Amino acid sequence: MQKSVLNPPTVFNSLQYGFSQAVEVCGGRRLLLSGQVGVDESEHTVAPGLRAQTDKAFQNIEEILVGAGGDLSHVVMMRIYIVESARDEQDEISSVLLERFPNNPPASSWIIVSGLSLPQWLIEVEVEAILP
């Protein structure tokens, strides 16, 4: 698999938020993950805060990728659903992205929603990965 990120200087600097403007991929197996939230294997929400739920969602994503023979470096696209009540805390999401994708981060869309399946959930993350 060959992957390259595109961040032209003619658009805003998305790297400061932990994502790239575009990702080009050639070859590999495409893996689409269901939306992941901040719950553990017993379906308990890990904490009421956005940071903890974001960390857990990405931990879940990483565990699924490892099970498929990949890791976070294979993620090429993220769709991040953020509940309206957490709109002003988006810097917490950026912090997690910058930690988990320090180099060549995937492309991303961030969508504000009125709610998720359970009222205590603040974030849901879908990813697409290309595995070797």
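What you are looking at is a predicted structure, and each value in this text was computed from that prediction instead of being measured.

*Asks:* Explanation requested: the side chain of Glu-124 in the structure shown.
*Replies:* When you line up the elements, Glu-124 lands in strand β6 (residues 123–131). No salt bridge is formed by the buried Glu-124, whose closest oppositely charged neighbour, Arg-79, lies at an N-O distance of 9.9 Å. Apart from residues lying up to four places away in sequence, Glu-124 is in contact with Gly-35, Gln-36, Val-37, Arg-79, Ile-80, Tyr-81 and Leu-116.

*Asks:* Looking at this structure, how should I read the pairing of strand β5 (residues 107–113)?
*Replies:* Pairing analysis gives 7 bridges linking strand β4 (residues 75–83) to β5, with the strands arranged parallel. Residue Ile-82 lies in a different strand from β5, and its bridge partner there is Ile-112. Read as a crossover between parallel neighbours, the route from β4 over helix α2 (residues 90–100) to β5 is right-handed.

*Asks:* I would appreciate a short explanation of the packing of helix α1 (residues 50–67) against α2 in the present structure.
*Replies:* Helix-helix packing: each pair is described by the crossing angle between the helix axes and the interaxial distance. Between α1 and α2, whose axes approach to 9 Å, the crossing angle comes to 35°. Relative to α2, α1 is oriented so that their crossing is right-handed. Residues Leu-50, Arg-51, Thr-54, Asp-55, Phe-58, Gln-59 and Glu-62 of α1 pack against Glu-92, Ile-93, Ser-95, Val-96, Leu-97, Glu-99 and Arg-100 of α2. Considering only residue class, the contact of α1 with α2 consists of 5 nonpolar, 3 polar and 6 charged.

*Asks:* Would you explain the environment of Ile-64 in this entry?
*Replies:* Of note, Ile-64 is situated in helix α1. The spacing of Ile-64 and Leu-33 is 31 residues in sequence and 8.1 Å in space, taken between C-alpha atoms. Among residues more than four places away in sequence, those in contact with Ile-64 are Leu-33 and Gln-36.

*Asks:* Any chance you could explain the packing of aromatic side chains here in plain terms?
*Replies:* Geometry of an aromatic ring pair is reported as the spacing of the ring centres plus the angle between the planes. For the structure shown, the criterion picks out 3 aromatic pairs. For the ring pair Phe-12 and Phe-19, a centre distance of 6.4 Å and an interplane angle of 70° mean the geometry is edge-to-face. Residue Phe-19 is classed as buried on the basis of its relative accessible area of 9%. Ring geometry for Phe-58 versus Phe-101: centroids 6.0 Å apart, planes at 80°, classification edge-to-face. With Phe-58 in helix α1 and Phe-101 in the loop between α2 and β5, this residue pair connects regions lying 43 residues apart in the sequence. Classification of Phe-58 by relative accessible area gives buried; the value is 1%. Relative accessible area serves as the criterion here: at 5%, Phe-101 is assigned to the buried category. Site record: aromatic cluster; members linked through ring pairs are Phe-12, Phe-19 and Trp-110.

*Asks:* Sorry, what's going on with the nonpolar core here?
*Replies:* It is characteristic of soluble globular proteins that their nonpolar side chains tend to be buried jointly. Core analysis: the biggest nonpolar cluster contains 29 residues, and Phe-58, Ile-61, Met-78, Ile-80 and Val-125 have the highest contact counts within it. Those elements giving two or more residues to this core turn out to be α1, β4, α2 and β6. In contact with Val-125, not counting residues within four places along its chain, are Ser-34, Gly-35, Gln-36, Ala-57, Phe-58, Ile-61, Arg-79 and Ile-80.

What counts as what
Residues numbered from 1 in each chain as written. Predicted model: local features only at pLDDT ≥ 70, side-chain atom pairs only at ≥ 80, totals over all residues. Heavy atoms only, no water. Helix = DSSP H or I, 4+ residues; strand = E, 2+ residues; numbered from the N terminus. Buried < 20%, exposed > 50% of the residue type's maximum accessible area, 1.4 Å probe, protein only. Lys, Arg positive; Asp, Glu negative; His and termini not counted. Salt bridge = Lys/Arg side-chain N within 4 Å of Asp/Glu carboxyl O. Contact = heavy atoms within 4.5 Å. Pairing = 2+ DSSP bridges. Right-handed = clockwise from strand over helix to strand, strands pointing away. Axes fitted to C-alpha atoms, helices over the stretch in contact; angles between N-to-C directions. Left-handed = near helix turned anticlockwise from the far one by under 90°. Nonpolar A, V, L, I, M, F, W, Y, C, P; charged D, E, K, R; others polar. Phe/Tyr/Trp six-rings, centres within 6.5 Å; stacked < 30°, edge-to-face > 60°. Core = buried A, V, L, I, M, F, W, Y, C linked by side-chain atoms within 4.5 Å.

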